[in-house]
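# Reading the structure
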Amino acid sequence: MPFMADHLVIKPSLVVETGMKLLRRERILGAMVTDQGVGNWGGSVGDTITIRVRGIMRAHQRGIRDTDRTLVENTIVEYPIPVTIDKHLYQAVPMKDEQLTLDIREWTRQVLYPMVQSIGERNEQNLAKLIETAPYTETITIDPSDTFKAFSTAVQRLSETNVPMAGRVLVVGSAVATALRNDTQFRHADFSGDLANSALRDAWVSRIAGMNVIESQWISQDSAYIFHPTAFLVAYQSPLVPRGVAYGDSASVDGIALRFLADYNYSGLNDRYVLDTYAGYNVISDPDQGFVRSIKLRLAMTGGINVVSAGGGAVALTVGQTLQLKIRDDNGALITDRCTFVSGTPAKATVTAGPGYENGGLVTAVAAGTSAITVTYAGPSGAKTTTVNVTVS
């Protein structure tokens, strides 16, 4: 969209509308859960709102000619699910006059889309965390050589608790997706998911047991989840446009809420843009059954673990040098964030203990000598251990 000098010539309402359309295209996990969007919200971050969710009902049966004519009555129950609005998802971008005048030719593509994309990715990360940390009571193990059996068992578990069949989806990490592609039982159909959702189309893997199989980069690589959309809830609240901002708008459409603000910074000769939303996340548990609308699966390990950042299990460092170890299992899944690390001789080389990818497995060379780093992974098939020999010069 064109610019005149350093001023926008598009309406803020159009920016918000376009932003919500772009965000819908970027959703994978967000397109599979129950969402609720509220525009022009006057609450505060940290407030709790209540969303009403329909309960799972069971039908009764009697013989047509039974002498007992009494019918068991049930009420249609909707029960409240509290959602705390505690996340502020935003992107703030300054734009200099020179950039607007000389560099920006398509404002939607060059400015708005990257802002929307970053918010979409952060939302996907939050939903992945919600899904992975839900209170599962059972984890089903996937045999890489016979994947169908695990998914069939998971479907059975959902059916046992009367979770609706329509709408169920299977979300998998990259290692599980690879196992499915390599499984000769799978036959890929000419199907690409939601035609209006480009991200969802690209993430589609196959169909199994009547469900779409969707790959997500935010799910742990060796994990999979079968769930109904009513297993997880996300609420978006677009904040009010401040009175001091002359250029802004907020709205809610189809479960998504966004706000856009723009002003001009005379001291820096630049526009300032903010695109944001408030969000809250929660799992949906049934009052009488608990959390039953999702099932967790993990890919089994048949072998050991490998240190891919240390050829042959040995590394050479100089004093003061650091190296981030990366660990994969025999299915190719990156499991660094779930491993613990111990240095045999910390005086020669230290290592951060983990788990946690950002703080686990970082080796620091301290003094000349050697140290054996022990790596342990407590996976679904039992504990696996390997050793990395560090030589410091």
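Conventions used here
- Residues numbered from 1 in each chain as written.
- Predicted model: local features only at pLDDT ≥ 70, side-chain atom pairs only at ≥ 80, totals over all residues.
- Heavy atoms only, no water.
- Helix = DSSP H or I, 4+ residues; strand = E, 2+ residues; numbered from the N terminus.
- Buried < 20%, exposed > 50% of the residue type's maximum accessible area, 1.4 Å probe, protein only.
- Contact = heavy atoms within 4.5 Å.
- Areas by Shrake-Rupley, 256 points an atom, 1.4 Å probe, with all protein chains shown as cover.
- Salt bridge = Lys/Arg side-chain N within 4 Å of Asp/Glu carboxyl O.
- Pairing = 2+ DSSP bridges.
- Axes fitted to C-alpha atoms, helices over the stretch in contact; angles between N-to-C directions.
- pLDDT = per-residue confidence, 0-100.
- Lys, Arg positive; Asp, Glu negative; His and termini not counted.

## Some thoughts on the overall build of the protein
When you go through the protein residue by residue, the secondary structure sums to six helices and 25 strands. Within the protein, the proportion of its 393 residues that are buried is 44%. Residue pairs at least 24 apart in sequence account for 71% of intrachain contacts in the protein once pairs closer than 6 positions are excluded. For the protein, the exposed surface amounts to about 19400 Å²; the carbon and sulfur share of it is 51%.

## Some remarks on the pattern of salt bridges
Taken as a whole, this structure holds nine salt bridges when the rule is applied. Two residues, arginine 181 and glutamate 215, come together in a salt bridge whose shortest N-O distance is 2.8 Å. Here glutamate 215 lies in strand 10 (residues 211–215) and arginine 181 lies in helix 5 (residues 174–182), a separation of 34 residues in the sequence. In this structure arginine 181 comes out as partly exposed when scored by relative accessible area, which is 43%. Salt-bridge contacts for arginine 259 lead to aspartate 276; the nearest nitrogen and oxygen are separated by 2.6 Å. With arginine 259 in strand 14 (residues 256–265) and aspartate 276 in strand 15 (residues 270–283), this residue pair connects regions lying 17 residues apart in the sequence. Given a relative accessible area of 10%, arginine 259 falls into the buried group. Given the relative accessible area of 0%, aspartate 276 is considered buried. Several salt bridges share partner residues, and in doing so they unite Asp222, Arg298, Asp337 and Arg338 into one network.

## Considerations on the sheet that holds strand 24 (residues 369–379)
Read across the open sheet, the four strands follow the order 18-25-24-21; overall the sheet is mixed. Bordering the open sheet on either side are strand 18 (314–317) and strand 21 (339–343), each of which pairs with just one other strand. The average undirected angle you get between the axes of adjacent strands in this sheet is 25°. Inspection of the sheet shows strand 18 paired to strand 25 (residues 382–392) by four bridges, in the parallel sense. Counterpart to valine 315 in the pairing with strand 25 is valine 390.

## Regarding the confidence of the model for the protein
Of the residues in the protein, 81% reach a pLDDT of 70 or more, and the chain-wide mean stands at 79. Here strand 1 (residues 3–4) is the element of the protein with the lowest mean pLDDT, 41, and strand 11 (residues 223–227) is the one with the highest, 93. Low pLDDT (under 50) marks residues 1–9, which in the prediction has 23 contacts with non-local residues, meaning those over four places away or in another chain. When the criterion is pLDDT under 50, residues 187–193 qualifies, and its contacts beyond four places in sequence or with other chains add up to ten contacts.

## Some words on the environment of glycine 280
With respect to the helices and strands, glycine 280 occurs in strand 15. In this structure glycine 280 comes out as buried when scored by relative accessible area, which is 0%. A C-alpha to C-alpha distance of 9.0 Å links glycine 280 and histidine 88, two positions 192 residues apart in sequence. Non-local contacts of glycine 280, meaning those with residues more than four positions away in its chain, are made with Val83, Thr84, Ile85, Asp86, Leu233, Val234 and Ala235.

## Some thoughts on the side chain of lysine 296
On the secondary structure map, lysine 296 appears in strand 16 (residues 294–299). It turns out lysine 296 is buried and unbridged, and the closest side chain with the opposite charge, glutamate 132, is 6.5 Å from it.

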